[in-house]
Structure formats: C-alpha cells, structure tokens
Amino acid sequence: MGHVILGWDGEDAEAPARRAAARDRHLNVISRWAEAGRLSLAVPLFREDGSVAGSVMILGGEDELGTREYLMEEPFARDGVWLSYQMRPFRIAPLPYLPLPSGPTPSAMTHCVLVAEDQPGAAPRRAEARPGHFDRVRAFAGDGTLACGGALLDAKGEMVGSIAITRHATVAEARAFWAEDPYVAQGVWGQMDFYPTRFAPLPYHPLPGASA
C-alpha cells in the first residue's frame, strides 16, 4: 500500500511568494525521490482562476514511515507553503499507462486532477460498478487520456474514494468525461473536486502496469 499527500496552499496575499521561494528546493527533493523510484507522480493543483490551490504527491510504494520521511524533506511542508496537508493510504491502479509527460513544462494547463470521495455506504455499489469502471479506464490509460489513477483507502485498506489525472485542459472537459463513468452513474462517488494541472519533467519510473 502506498500513500498520497494532498497539500493545500494558503489563499493569503503572501502564498504565491512562499511557494516561489521554496520551489527550486522542492524540485530538487522531488527529482531525487522520483529518480529513486519512491515518488510516483507529483503535480500542482490549480484553481479555475489560475491560482495555485496546492499539490498532489503520490508515493506509490511508500508505507507511512517512508511517507513521513518524505514530508521531513519536503520544503513545501517544512516552510509553510502548505498550510495544511492530508496523508492518506493510496493504491495506484495497475493499468497500461503511457509514460508520464516529460516536458518542457507547458505554459497552459494540460490535465485535470479529480479527487473523489465515495458516498456513505457505497462499498457494495463500488464492487458492482468496478468491472465496468475498469473496462473503461483501461482503454483510456492505453491511449493516454488517463495519466494515472487509483483508490483512496481507509485505515483497514478498504476503498473509500479515488484520485485520477486525465488529459483534459479544463474542468468542464474533465467533468463531462467522468459523468459517463460507472462510478458516477451507479452512485459510488459523492463529492468530486477538480483541479487543472500540468506536468513538470521529472525522472519518473513507469507506473504499475505501464506500457513499455
């Protein structure tokens, strides 16, 4: 079981300056962790007005101890860029992903991050919808529409939500794409939050199930 960190920047006037001051050190840390195969994916989370909401960091093979080790090195956590963060168990879905975008970093948004929480009591509906959901996302991983996806887990390892990154430049496009998914149609996901993003070039290792 891996972990995901959802870090949230402040909305005060000084928030952009705090991020800018720590950015180079942040990139050094995540480049080193990605090269070592310990950081599976990291992207910023933007609001629709273009301001930075935070970050999502996926440590696909790290237990809680390893994830806390990362947080001790992460300038965004240490220097007050993230005013709060969540560290949650997460499992990357093994799908035939294409290699992650490698840069240069685009000036415009290219992808959208979905953070979805299951509705209360949705476990039976998730189990019923899961085969259809996987049939759908498997094809979209293979053509690059789905860059990465997986399940948020509770302390018992039960699936309670999802995070997915798709090749949609706007929230409207991402919403329309996921509206057709069995997890939406069959009432699995409740709250669904979308954040535009773009990829910086990092020395990522292939994701589980990725195409050669």
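Here, the structure is the one placed above.
Residue numbers run consecutively from 1 along every chain, following the written order of its sequence. Totals for whole chains, interfaces and linings use all residues, but because this is a predicted model, local features are given only for residues with pLDDT of at least 70 and pairs of side-chain atoms are given and counted only at 80 or more. Water and hydrogen atoms play no part in the side-chain values, which are based on all heavy atoms of the structure.

### A short note on the nonpolar core
- Buried residues of nine kinds, namely Ala, Val, Leu, Ile, Met, Phe, Trp, Tyr and Cys, make up a nonpolar core once their side-chain atoms join them within 4.5 Å. Whether a residue is buried, partly exposed or exposed follows from its accessible area with a 1.4 Å probe, protein chains only, as a fraction of its type maximum: under 20%, in between, or over 50%, in that order. In terms of nonpolar packing, the biggest core is built from 59 residues, with Met57, Tyr70 and Trp178 touching the most fellow members.
- Contact definition: two residues touch when any of their heavy atoms are within 4.5 Å. When residues no more than four places from it in sequence are discounted, the contact partners of Trp178 are Leu114, His133, Arg136, Val137, Leu146, Ala164, Thr166, Val184, Trp189, Met192 and Phe194.

### Comments concerning the pattern of salt bridges
- Salt bridges are counted wherever a side-chain nitrogen of Lys or Arg sits within 4 Å of a carboxyl oxygen of Asp or Glu. Scanning the entire structure with this criterion turns up eleven salt bridges.
- The salt bridge partner of Arg25 is Asp79, with a shortest N-O separation of 2.6 Å. One end of the pair, Arg25, is in helix H1 (residues 15-35); the other, Asp79, is in the loop between helix H3 (75-78) and strand S4 (82-92), with 54 residues separating them in the sequence.
- Judged by its relative accessible area of 37%, Asp79 falls in the partly exposed class.
- Notably, a salt bridge pairs Glu69 with Arg38, separated by 3.2 Å at the nearest N-O pair. Of this pair, Glu69 sits in helix H2 (residues 64-73) while Arg38 sits in the loop between H1 and strand S2 (41-46), and the two are 31 residues apart along the sequence.
- Judged by its relative accessible area of 24%, Arg38 falls in the partly exposed class.
- Each of the salt bridges in this network shares a partner with another, and the network as a whole consists of Arg38, Glu62 and Glu69. Helix and strand assignments follow DSSP, with helices taken as H or I runs no shorter than four residues and strands as E runs no shorter than two, numbered in order from the N terminus.

### Some details on helix H5 (residues 171-179)
- Every buried residue belonging to H5 is among Val171, Ala174, Phe177 and Trp178, and all of these are buried. Down the axis of H5, the buried side of the element spans an arc of 125°, and every buried residue falls inside it.
- Tucked into the core, H5 has its buried residues touching strand S5 (111-118), helix H4 (123-142), strand S6 (146-153), strand S7 (159-166), helix H6 (182-185) and strand S8 (189-197). This arc is taken over the directions from the axis of the helix to the C-beta atoms.

### Concerning the pairing of S4
- Here strand S1 (residues 2-9) pairs with S4 via eight bridges, running antiparallel. Opposite Val4, over in S4, you have Arg88 as the bridge partner. Criterion used throughout: strands pair if DSSP finds at least two bridges between them.

### Topic: the sheet that holds strand S3 (residues 52-59)
- Pairing in this open sheet of eight strands is antiparallel, and the strands run S2-S3-S1-S4-S6-S7-S5-S8 from one edge to the other. The strands lining the two open edges of the sheet, one partner per strand, are S2 and S8. With direction set aside, neighbouring strand axes in the sheet form an average angle of 25°.
- Where S5 and S7 come together, six bridges link them in antiparallel fashion. Bridge pairing links Val113 to Ile165 in S7.
- Strands in contact with H5 are S5, S6, S7 and S8; relative to S8, the strand with the most contacts, it is inclined by about 145°. A fitted line through C-alpha atoms serves as each axis, taken over the contacting stretch for helices, and the angle formed by two N-to-C directions is quoted from 0 to 180°.

### Regarding the packing of aromatic side chains
- Classification of ring pairs uses Phe, Tyr and Trp, with its six-membered ring standing for Trp, and accepts pairs whose centres are within 6.5 Å; under 30 degrees between planes counts as stacked, over 60 as edge-to-face, and the remaining range as tilted. Enumeration according to the criterion identifies eight aromatic pairs in this entry.
- For the pair Trp8 and Tyr195, a centre-to-centre distance of 5.6 Å together with 45° between the ring planes defines the contact as tilted. One end of the pair, Trp8, is in strand S1; the other, Tyr195, is in strand S8, and 187 residues separate them in sequence.
- A relative accessible area of 23% means that Trp8 is categorised as partly exposed.
- Relative to Trp82, the ring of Phe76 lies with its centre 5.9 Å away and its plane at 75°, an arrangement referred to as edge-to-face.

In short, geometric facts, not functional conclusions.
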